[in-house]
Every structure is written in C-alpha cells, then in structure tokens.
Amino acid sequence: MIAFLGGPLGSVSVSMLFAPPIFSFVLLGLKPGLIWAGIAYVTVMTGGVMQSLGVEFPNIGKTPSREVGELIHLTVAYSSIMVMIVLYEVSNQRYRQELVRIAQRDDLTRLPNRTAFYQHIENAIKYYESQRRPFTLAYIDLNNFKPVNDEYGHAAGDTALRVFSERLGKAIRSQDQLCRLAGDEFAVLLNDCVDERLARLVVERLQRQMEKPIELQGGHSVTLSASIGLAHYPRDAATLEELLHVADERMYRNKREAHRQYNGDYAD
C-alpha cells in the first residue's frame, strides 16, 4: 500500500509505519515494541534499497485521484491504531487470566487453592442441576503433622507436603479435582461419583499412597497418615455450605477416632 502511494521513501504513509512500534511500546511493552520497530525498519530499508536499485513504484499522488490517496492514508492510520488496540486488549486479557490463575494456585504444591476449589464445587452443583450427575467431596487432614515441622524443620515439612500432594494426585482419577485448602488440609472433588463404593475405592487408593514413607534430607523419612471425611451431593447436602460442613464434620470425627486408637483407648 505504501509503495502504491509513491514508494517507501516518497509516500507520506511511511510515517504511519512508526505508529505500530510506538503503540507497542506504550501498550504492550518492550518486546512487542522492539518487534514492531524491527518490522518498520526492515520495511523502510527494503523499499529504500529497491528504489536505489531503480525500482519504480506507482504514485497515486500524481494522478487525478488525489482524494483516493488521502482516503488510503487515513485508512492506513486508523488500521494501525485499531490493530494496536486489539493487540493490547488480547495481551491485557491474557495478563488478567494469568493473575486469576496465580491467585487461585497454591504456591507450595502448585495445586488449586481453596478459592479455586470452591469454584469447582459450584460448577459441579450447576452440572448436577443440568445433567443429574452426583459427586462426592473428600476432606483430607493429616494426622500429627506438626511433629514433622518441630523435629525436622519447616523445609522438611514443605517437602513432605509436596510429596504427599503428588501422591494424592496419582491416586485420584483424571476427572477428579485435587486442591490444598490450607496448611495440611487437602480436598478432592470426585466428579461423576454415582456410587458410594466408587468413593470408597478412591479413598482406599489414597490410604495406600499415604502408607509409603516419604524420604527427607539427611536420610530421614516420615510416614504420614490422614483422616478423610466424605460428603455426597445431593444425598448429604443441598448447598455448597452444607456439603462442606458435612465433609468437615465427618473428617474430624474420623480424626478423633484415630487419635483415641493411637493413644490406646481401643483394644487391638
């Protein structure tokens, strides 16, 4: 288009080549700005070299249709601005999505955090309302995790939590959702769990993963156990809050029973 208006060095539209780099630097940042600056430089230099070699470009400015030339100039200008605005909006949308992803991710385990998990549950409830596919929520809380931090240090505790979360991920199905709620509390959303026996099978796999010792630095190892509480939707609850409450209560009930067994209150 620039060549048609009188050649790369003779057309006033050449100045519009500098609009994309300027908008890129301002709206998109350093890297896109450098890319567009390079494109503009190569375009002008290529056209200049072609003209110096004797290549003749048609010049619409020297024809009676000068109004057409002015219209094309305006089109180039507005097109450059609109392209930059679209690119800025695309980049800004990706940036916002990345912020949301970071805000909903646990830094230690890289799992979804509590906020993201509650959103998954709300989506599962909406899915049930349309497809009538029940699901199960599993609350997981580690037993006696504090002594690990006290005896081996918080770095060792972080290592144990990371390994534990990886093993939990291996125990669940591909359609299930695992998250870290806080501290040593985890949760699993068992999607399309139409049978309580299926939930029990997943829990058994989780328990088997917990039985494996976790190797720490310095040649130490720990074996973690956990209490798990299950809540089935919609059989046990009709809302998100009720479902969380039921799973939490059952988890703590199992934890109290495990604590009494650990202290010898129950005979073998």
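Residues numbered from 1 in each chain as written. Predicted model: local features only at pLDDT ≥ 70, side-chain atom pairs only at ≥ 80, totals over all residues. Heavy atoms only, no water.

Colleague: I'm lost on the pairing of strand β2 (residues 177-182) in this one. Help?
Modeller: Successive residues of a regular strand alternate their side chains across the two faces of the sheet. Pairing of β2 with strand β3 (residues 185-190) involves 5 bridges; the strand directions are antiparallel. The residue bridging L178 from the neighbouring strand is V188, located in β3. Counting the residues between successive antiparallel strands, the hairpin from β2 to β3 contains 2 residues, one of them, G183, with a positive phi of roughly 55 degrees. (Pairing = 2+ DSSP bridges. Helix = DSSP H or I, 4+ residues; strand = E, 2+ residues; numbered from the N terminus.)

Colleague: Whenever I open this one, the packing of aromatic side chains confuses me. Can you help?
Modeller: Geometrically, a pair of aromatic rings is defined through the distance of the ring centres and the angle of the planes. Here the structure, examined in full by the defined rule, presents 3 aromatic pairs. Aromatic pair F135 and Y233: ring centres 5.0 Å apart, planes at 15 degrees, arrangement stacked. Highlighted residues: F135 in strand β1 (residues 135-143) and Y233 in strand β6 (residues 225-233), separated in sequence by 98 residues. Through successive ring pairs, a cluster of aromatic residues spans Y128, F135 and Y233. (Phe/Tyr/Trp six-rings, centres within 6.5 Å; stacked < 30°, edge-to-face > 60°.)

Colleague: Whenever I open this one, the pairing of β3 confuses me. Can you help?
Modeller: Here β3 lies mainly inside the structure; 5 of its 6 residues are buried. Relative to β3, β1 is paired through 6 bridges, and the arrangement is antiparallel. Note on β3: the bridge partner recorded for D141 is E185. (Buried < 20%, exposed > 50% of the residue type's maximum accessible area, 1.4 Å probe, protein only.)

Bear in mind that shape data such as this cannot, by itself, settle questions of function.
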